[in-house]
Number of protein chains: 2
Amino acid sequence: MSNEKMNGAESLVKSLLANGVEVCFTNPGTSEMHFVAALDHVPGMRSILALHETVATGAADGYFRMAGKPASTLLHLGPGLANGLSNLHNAKKAGSGIVNIIGEHASTHIELDAPLTADIEGIARPMSHWVHTSHSAADVGRDAEEAVRASMVAPGQIASLILPSDTAWNDGGVAATGAEMPAPTGFDESGLDRAAELLDGPETLLLLGGAALTESNLETAGRISAKTGCKLLSEWSNARLERGEGRVFINRVPYPIDIALKVLEPFKRIVLVGARAPIGFFAYPGKPAILTSEGTEILPLADKSNDLTAALDALCAATGAQETAPAHVVTAETPEPQSGTINLDNLAACISRAIPQDGIVVDESVTTGRAFSPATKGAKRHTWLNNCGGSIGYAMPAAIGAAVACPDRRVMCLTGDGSAMYSVQSLWTMARENLNIVTLIFANRSYKILRGELTNVGVQNAGPRAMDMLSLDRPALDWVQMAQSMGVQAISVSECEALEAALDDALNAEGPRLIEIML
Amino acid sequence: MSNEKMNGAESLVKSLLANGVEVCFTNPGTSEMHFVAALDHVPGMRSILALHETVATGAADGYFRMAGKPASTLLHLGPGLANGLSNLHNAKKAGSGIVNIIGEHASTHIELDAPLTADIEGIARPMSHWVHTSHSAADVGRDAEEAVRASMVAPGQIASLILPSDTAWNDGGVAATGAEMPAPTGFDESGLDRAAELLDGPETLLLLGGAALTESNLETAGRISAKTGCKLLSEWSNARLERGEGRVFINRVPYPIDIALKVLEPFKRIVLVGARAPIGFFAYPGKPAILTSEGTEILPLADKSNDLTAALDALCAATGAQETAPAHVVTAETPEPQSGTINLDNLAACISRAIPQDGIVVDESVTTGRAFSPATKGAKRHTWLNNCGGSIGYAMPAAIGAAVACPDRRVMCLTGDGSAMYSVQSLWTMARENLNIVTLIFANRSYKILRGELTNVGVQNAGPRAMDMLSLDRPALDWVQMAQSMGVQAISVSECEALEAALDDALNAEGPRLIEIML
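Each chain has its residues counted from 1, running along the sequence as written. Key to labels: chains lettered from A, ligands numbered from 1, both in the order written. Reporting in this predicted model follows two pLDDT cut-offs: at least 70 for local features of residues, and 80 or more for side-chain atom pairs to be given and counted; totals over whole chains, interfaces and linings ignore these cut-offs and use all residues. Based on all heavy atoms of the structure, the side-chain values leave hydrogens and waters out of the count.

### Some remarks on the overall build of chain A
Then comes step 1: Comment: elements are numbered from the N terminus, with helices defined as DSSP H or I runs of at least four residues and strands as E runs of at least two. A tally of regular secondary structure across chain A gives 21 helices and 18 strands.
Then comes step 2: Considered along the principal axes of its C-alpha atoms, chain A spans approximately 65 × 60 × 45 Å.
Then comes step 3: Exposed residues in this analysis have more than 50% of their type's maximum accessible area, buried residues have under 20%, and partly exposed residues fall in between, with area computed by a 1.4 Å probe over protein chains only. Counting all 519 residues of chain A, 64% fall into the buried class.
Then comes step 4: For chain A, restricting intrachain contacts to residue pairs at least 6 apart in sequence, the fraction spanning at least 24 positions comes to 82%.
Then comes step 5: Computing the positive centroid from 38 side-chain charges and the negative centroid from 58, chain A places the two 5 Å apart. Pairs of residues are marked as contacts when any of their non-hydrogen atoms sit within 4.5 Å. Charge convention: Lys and Arg are scored as positive, Asp and Glu as negative, and His as well as the terminal groups of each chain are ignored. Every charge is mapped onto a representative atom, which is NZ of Lys, CZ of Arg, CG of Asp or CD of Glu.

### Considerations on the nonpolar core
Then comes step 1: Membership of the largest hydrophobic core comes to 233 residues, with the highest contact counts inside it found for Phe25 and Leu427 of chain A together with Phe25, Leu427 and Trp479 of chain B.
Then comes step 2: Non-local contacts of phenylalanine 25 of chain B, meaning those with residues more than four positions away in its chain, are made with Ile48, Ala56, Ala59, Ala60, Tyr63, Ala71, Ser72, Thr73, Leu74, Ile400, Gly401 and Val404 of chain B.
Then comes step 3: As used in this record, nonpolar core signifies buried Ala, Val, Leu, Ile, Met, Phe, Trp, Tyr and Cys residues forming a set joined through side-chain atoms within 4.5 Å. Within the second largest apolar cluster, 29 residues are counted, among which are Ala195, Leu198, Ala221 and Leu232 of chain B.

### What to know about the interface of chain A and chain B
Then comes step 1: Counting residues at the interface gives 95 residues for chain A, matched by 96 residues for chain B.
Then comes step 2: Buried area adds together the accessible area that both of two parts lose upon being put together, with accessible area traced by a 1.4 Å probe. Here chain A meets chain B over a buried area of about 8100 Å², counting both sides, of which 62% is carbon and sulfur.
Then comes step 3: Should a side-chain nitrogen of Lys or Arg be within 4 Å of a carboxyl oxygen of Asp or Glu, the pair is scored as a salt bridge. In this structure, the connection of chain A to chain B is made through 5 salt bridges.
Then comes step 4: Polar contacts, as used here, are pairs of N or O atoms within 3.5 Å; protein pairs need one atom able to donate a hydrogen and one able to accept it. Residues neighboring in sequence count only if both atoms are side-chain atoms. The interface formed by chain A and chain B includes 56 residue pairs in polar contact (both at pLDDT 80 or more).
Then comes step 5: Ranked by residue count, the leading element in the side of chain A that touches chain B is helix α4 (residues 77-94) of chain A, at 8 residues.

### A look at the side chain of glutamate 53 of chain B
Then comes step 1: Residue position: glutamate 53 of chain B is located in helix α3 (residues 53-67).
Then comes step 2: For the buried glutamate 53 of chain B, no salt bridge is present, and the opposite-charge side chain at shortest range is arginine 432 of chain B, 15 Å distant.
Then comes step 3: Excluding its chain neighbours within four sequence positions, the residues that come into contact with glutamate 53 of chain B are Tyr422 of chain A together with Asn27, Leu75, Gly80, Asn83 and Gly84 of chain B.

### Comments concerning the pattern of salt bridges
Then comes step 1: With the rule as written, the count across this model stands at 47 salt bridges over all chains.
Then comes step 2: The salt bridge partner of glutamate 500 of chain B is arginine 353 of chain B, with a shortest N-O separation of 3.0 Å. Here the residue glutamate 500 of chain B occupies a position in helix α21 (residues 496-507), and arginine 353 of chain B occupies one in helix α13 (residues 344-354), the gap between them amounting to 147 residues.
Then comes step 3: For glutamate 500 of chain B, a relative accessible area of 18% translates into the label buried.
Then comes step 4: Several salt bridges share partner residues, and in doing so they unite Glu215, Arg240, Glu242 and Arg247 of chain A into one network.

### Observations regarding the sheet that holds strand β2 (residues 46-49) of chain A
Consider a sheet: its strands pair through backbone hydrogen bonds, and that pairing is either parallel or antiparallel.
Residue and element names in this part refer to chain A.
Then comes step 1: At least two bridges found by DSSP between two strands are what make those strands a pair. Taken in spatial order, the 6 strands of this open sheet run β2-β1-β3-β4-β6-β5, and their pairing is parallel. Each end of this open sheet is capped by a strand with a single partner; those strands are β2 and β5 (130-133). Here the strands of the sheet are splayed against their neighbours by 20° on average, with no regard to which way each runs.
Then comes step 2: Bridge count between strand β4 (residues 98-104) and strand β6 (residues 158-164): 7 bridges; the pairing is parallel. Across the sheet, the residue bridging to glycine 103 is leucine 163, located in β6.
Then comes step 3: Interaxial angles span 0 to 180 degrees and are taken between N-to-C directions of axes, which are lines fitted to C-alpha atoms, for helices over the stretch in contact. Against the sheet, helix α3 (residues 53-67) touches β1 (23-27), β3 (72-76) and β4, its axis set at about 165° to β1.

### What to know about the relation of the copies chain A and chain B
Then comes step 1: For the pair chain A and chain B, the superposition axis carries a translation of 0.0 Å, the fit reaches an RMSD of 0.0 Å, and the rotation angle comes to 180°. These values place the two chain copies in the arrangement generated by a two-fold rotation axis.
Then comes step 2: A symmetric contact is evident, with 100% of the interface residues of chain A recurring at the interface of chain B. Superposition of the copies was done by least squares, using only C-alpha atoms of residues whose pLDDT is at least 70 in both.

### Observations concerning the confidence of the model for chain A
Then comes step 1: Along the chain, pLDDT gives the predictor's confidence residue by residue, from 0 to 100. Averaged over every residue, the pLDDT of chain A is 95; residues scoring 70 or more account for 99%.
Then comes step 2: We note a pTM of 0.97 for the whole complex and an ipTM of 0.97 for its interfaces.

### Some details on the pairing of β3 of chain A
All names here are of chain A.
Then comes step 1: Counted residue by residue, β3 has 5 buried out of 5 residues, so it is predominantly covered.
Then comes step 2: Here β3 shows two buried faces, one formed by Ser72, Leu74 and His76 and the other by Thr73 and Leu75.
Then comes step 3: Note that β1 and β3 share 4 bridges and pair parallel. Bridged to phenylalanine 25 within β3 is threonine 73.
Then comes step 4: As paired elements, β3 and β4 share 5 bridges and run parallel to each other. Its bridge partner being in β4, serine 72 is matched across the sheet by valine 99.
Then comes step 5: Read as a crossover between parallel neighbours, the route from β3 over α4 to β4 is right-handed. A clockwise course of the path from the first strand over the helix to the second, judged with the strands pointing away from the viewer, identifies a crossover as right-handed.

### Some thoughts on the pairing of strand β11 (residues 269-273) of chain A
Residues and elements named next belong to chain A.
Then comes step 1: Within β11, 4 of the 5 residues are buried, which leaves it mostly tucked inside the rest of the structure.
Then comes step 2: Here strand β7 (residues 204-208) pairs with β11 via 5 bridges, running parallel. Note that in β11 the partner of leucine 207 across the bridge is leucine 272.
Then comes step 3: Relative to strand β12 (residues 297-302), β11 is paired through 5 bridges, and the arrangement is parallel. Along β12, the bridge assignment pairs isoleucine 270 with isoleucine 298.

### Structural notes on the sheet that holds strand β10 (residues 251-252) of chain B
Residue and element names in this part refer to chain B.
Then comes step 1: Strand order across the open sheet formed by 5 strands is β10-β8-β7-β11-β12, with parallel pairing between neighbours. The sheet terminates laterally at β10 and β12 (297-302), the two strands that pair on one side only.
Then comes step 2: Of the pairings in the sheet, the one linking strand β7 (residues 204-208) to strand β8 (residues 231-234) comprises 4 bridges and is parallel in character. Across the sheet, the residue bridging to leucine 205 is lysine 231, located in β8.
Then comes step 3: Across the sheet, helix α10 (residues 215-228) is in contact with β7 and β8; its angle to β7 comes to roughly 175°.

### Topic: the environment of valine 424 of chain B
Then comes step 1: Tracing the backbone shows valine 424 of chain B in the loop between α16 (417-421) and α17 (426-432).
Then comes step 2: Relative accessible area serves as the criterion here: at 0%, valine 424 of chain B is assigned to the buried category.
Then comes step 3: Not counting residues up to four positions away in its chain, the partners in contact with valine 424 of chain B are Val424 and Gln425 of chain A together with Met396, Trp479, Met482 and Met486 of chain B.

### Some words on the packing of aromatic side chains
Residue and element names in this part refer to chain A.
Then comes step 1: When the centres of two rings from Phe, Tyr and Trp lie within 6.5 Å, Trp using its six-membered ring, the rings pair. Their planes under 30 degrees apart give stacked, over 60 give edge-to-face, and anything left gives tilted. Under the criterion given, the structure shown has 12 aromatic pairs over all chains.
Then comes step 2: Between phenylalanine 25 and tyrosine 63, the aromatic rings sit 6.3 Å apart at their centres with planes inclined by 70°, giving edge-to-face as the arrangement. In this pair, phenylalanine 25 is assigned in strand β1 and tyrosine 63 in helix α3, connecting sequence segments 38 residues apart.
Then comes step 3: What links up through ring pairs into an aromatic cluster is the set Trp236, Tyr255, Phe281 and Phe282.

### A look at the packing of helix α1 (residues 8-18) of chain B against helix α7 (residues 137-151) of chain B
All names here are of chain B.
Then comes step 1: Two numbers describe how α1 lies on α7: the axes approach to 8 Å, and their chain directions differ by 25°. Classified by the angle between their axes, α1 and α7 sit roughly parallel to one another. When you trace α1 past α7, the crossing you get is right-handed. Seen from α1, the contacting residues are Gly8, Ser11, Leu12, Ser15 and Leu16; seen from α7, they are Ala137, Val140, Gly141, Ala144 and Val148.
Then comes step 2: The classification used treats Ala, Val, Leu, Ile, Met, Phe, Trp, Tyr, Cys and Pro as nonpolar, Asp, Glu, Lys and Arg as charged, and all other residues, Gly among them, as polar. Its residues assigned to classes, the contact of α1 with α7 shows 6 nonpolar, 4 polar and no charged. Working rule for angles: under 35 degrees goes down as roughly parallel, over 145 as roughly antiparallel, 65 to 115 as roughly perpendicular, anything else as oblique. For any helix crossing, the convention is left-handed if the near helix is rotated counterclockwise from the far helix by under a right angle, and right-handed if that rotation is clockwise.

### Some details on helix α18 (residues 448-456) of chain B
Then comes step 1: Among the residues of α18 of chain B, those classed as buried are Ile449, Leu450, Glu453 and Leu454 of chain B. When α18 of chain B is viewed along its axis, its buried side chains cluster within an angular range of 145° and face the same direction.
Then comes step 2: Residues of α18 of chain B that are buried make contact with α2 (33-41) of chain A together with α19 (464-468) of chain B.
Then comes step 3: Positive backbone phi, approximately 100°, marks glycine 458 of chain B, located one or two places after α18 of chain B. This arc is built from the directions going out from the helix axis to the C-beta atoms.

### Section: the environment of leucine 344 of chain B
Residue and element names in this part refer to chain B.
Then comes step 1: Among the secondary structure elements, leucine 344 is positioned in helix α13.
Then comes step 2: For the pair leucine 344 and leucine 519, spaced 175 residues apart in sequence, the C-alpha separation works out to 8.3 Å.
Then comes step 3: With residues up to four places along the chain from it excluded, the contact list for leucine 344 reads Thr368 and Leu519.

### Some points on unusual backbone geometry
Then comes step 1: Cis rather than trans, the peptide bond between arginine 474 of chain A and proline 475 of chain A has omega equal to 0°.
Then comes step 2: Relative to the helices and strands, proline 475 of chain A is located in the loop between α19 (464-468) and α20 (479-485).
Then comes step 3: Backbone torsion omega between alanine 154 of chain B and proline 155 of chain B reads 0°, so that peptide bond is classified as cis.
Then comes step 4: The topology assignment puts proline 155 of chain B in the loop between α7 and β6 (158-164).
Then comes step 5: Its identity as a non-glycine residue notwithstanding, leucine 77 of chain A has a phi of 55°, on the positive side.

What follows is the structure, encoded as structure tokens:
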């Protein structure tokens, strides 16, 4: 611990830095002004302004997925935290670690019930694994270090530290000097032999999730598959999946309930490594919620909190696959140039052609993107991020975080128009930070997924007023004007040739671009 | 209770309608599809789509303030509710009644912990007075009626009803037929004589809030002031204040702490009717949080839950002022036409000139608008709505709700650029519903209020990185493109003449307009 004189706010910034937290996504207010001032006194923290807190929390999610360590957020009291909750929900479900710093009124002010007073701990709790309020300037440094440690519990956790403003402005801050971060826990090896037995045969499935989807862990899974004949699948949504040329390919469990049931039906023996047993995203009247067939033996070998590399390595050894060449290794396959009016098939081909080497694809193409996974199988080596919590508006913020974490890689952000509107303020931060993000807006001018869901939940012959609630075409959104209003260059395309040219241009430019794709 | 066969969703819509709830602000998802379908089966509910839930909840706030009865919201699971929380916070602080309908997974699905599963009751509780989850389709109608009753407890409350999707799709719904709504409670008359005594004299203050600010109640307060010599003030932020020609004028307690202390310093005797004792919005190092001077006698005669008309009438009688002509009645006063570059003074004059008869002004001009209150004193008769919870992004949504509640009145929405970005999706709903709202964006390109707050909290010589967090000029927002991208006609002005012409044009047009005012 350092002993030089400092206020609580300065000790916060120093303690975060000492524990490897170097980026802060923020929208600060009065109660956070001392932390803002501390950014100038304490060098080393990159502070990135967002015009709405959902951008800040979503960016912290994307950052963690690509950096493997947390960013902090700096949020203004209960309402500022509340605005960030839905992307904290997504981050929590993805297993991303985030350190939220939430300003609070001075201790003496809380009891007065001022306009901005709210139950901040109560707001934080549903989306946080760890919640704590600091009591004095002297505690802030240690509490911040504890928050970082909490955020690093595998696979990653949401830590919310609430700092009354007097703990920021009072002197007596003590900077923490850096603590050891928690490691993933070991998996239960007693299941290993049975897991190896279960996978031996054609109607068996190795279902992977979380950190089992790194390049090298997928290679291990590919060896096991080659040796035992088991199939490989990942969960429907993956926080981070390594894909493309030279890597082991893995399909996702499908989202549409009937297709998912059909895909999973053959498997009577399933081993889980970092994945949960597959369930439906929603319940539908008269359909099962558990997607595996009755009588299936499901063995959870390791969950997301475990060391999944160790689990896969041990499983590989138990199946005798260590020297086996991995199955499902992808050969480069570039589709032909596409032409004509854009449809879902040629769109997928255009995207596959465009993905740059080591590109990062942030995917919230809720309806449009179901064909993207197979179509991009043979693309250049890339990383794919899904929305794991189902709260829309995740993609553009997460793309910001990914771009900040990986300044040398190109980010492609794929999103429907309805989803994009949820965090449209992201465009401004992309421009401000001049991030290399190409956002593709799939402009179907509706909450298209919900049109299918109406039928899925048993609604027949929906009337005009119901359909009106799913439509975004009155008025139509103009994404080119929208992007330009926030400083992002944009173009609208409806033909493949124009899309390919726009992608080529955007992926070679400095800074953000947006392409509106008329569907 | 009606006994025809219906599902839970249909019973919900019928029960809301039977209890006077006729408007639903919504962004629905899969778990709400049966409610969406019920909109077609059950006529009478106006359903208004928002592209982000903060628009829906803020609109419900504005609607209650002008309609005096609640709208419902229809929100998608925990994240949908979370997105609406900050404007629910504002509504809660304003004393607005809102009935939130929050879809939840089917009861059997919750335990599976699907991606969208969250602790909805936990998310609702910090911003709700009443939280309940329905257990079966048969309960939904009665629960909805209870929710409306809870929302109508004076001055108005946030009621959050959580409906698992099986309670929507199952048959067995029973529509409620309408219940008596709760009335405001009586005030404690034992304080009446002392209150009358306290107000007798020049250094006394009658501080009003909530329903004390109706036209007729202000007139009563004007009589008391004329008779006793007491001064009149309202709270800093008022849910709804009637103003303009022919009405009794009342100043607000100022926001800046030093000015507020100075204004309140003379008063040694204060009577509260619908107001709370004045406190600082924030705490500042070395400054008091309680704004009245030491030794002041403060008598809370009636609070916002009481019948404030009865309280003021009784106080009027106790002071013998019933036959006294009210003081502070406003004479019409129209400023001269303004010219030249827009500054804060001529801007206030332009707005005063523009306010139409029976206009509704929704005010979130955080920094810009401090001169508006005195400058608009002699404007035409109008209603003024403030942000009561301090969470920015309230104005454009509240303007939507006010316009829906009062289709025959014109709405002027005054907002800073930073605040407007928080709920910018509102513009689309304004266009879709063709609402008569003129939005004035005060484009100072910064969180200007925070520049002052840095100094107020004791930060000296803020450095460039701190100042960067308060600046919105890199890149500059283009509000004309922003508005047009969502279907709203817009213009940018920097001269008074252009502003006056734009206001004249906009206030006589059908549908929404936006005017960007360069400051």
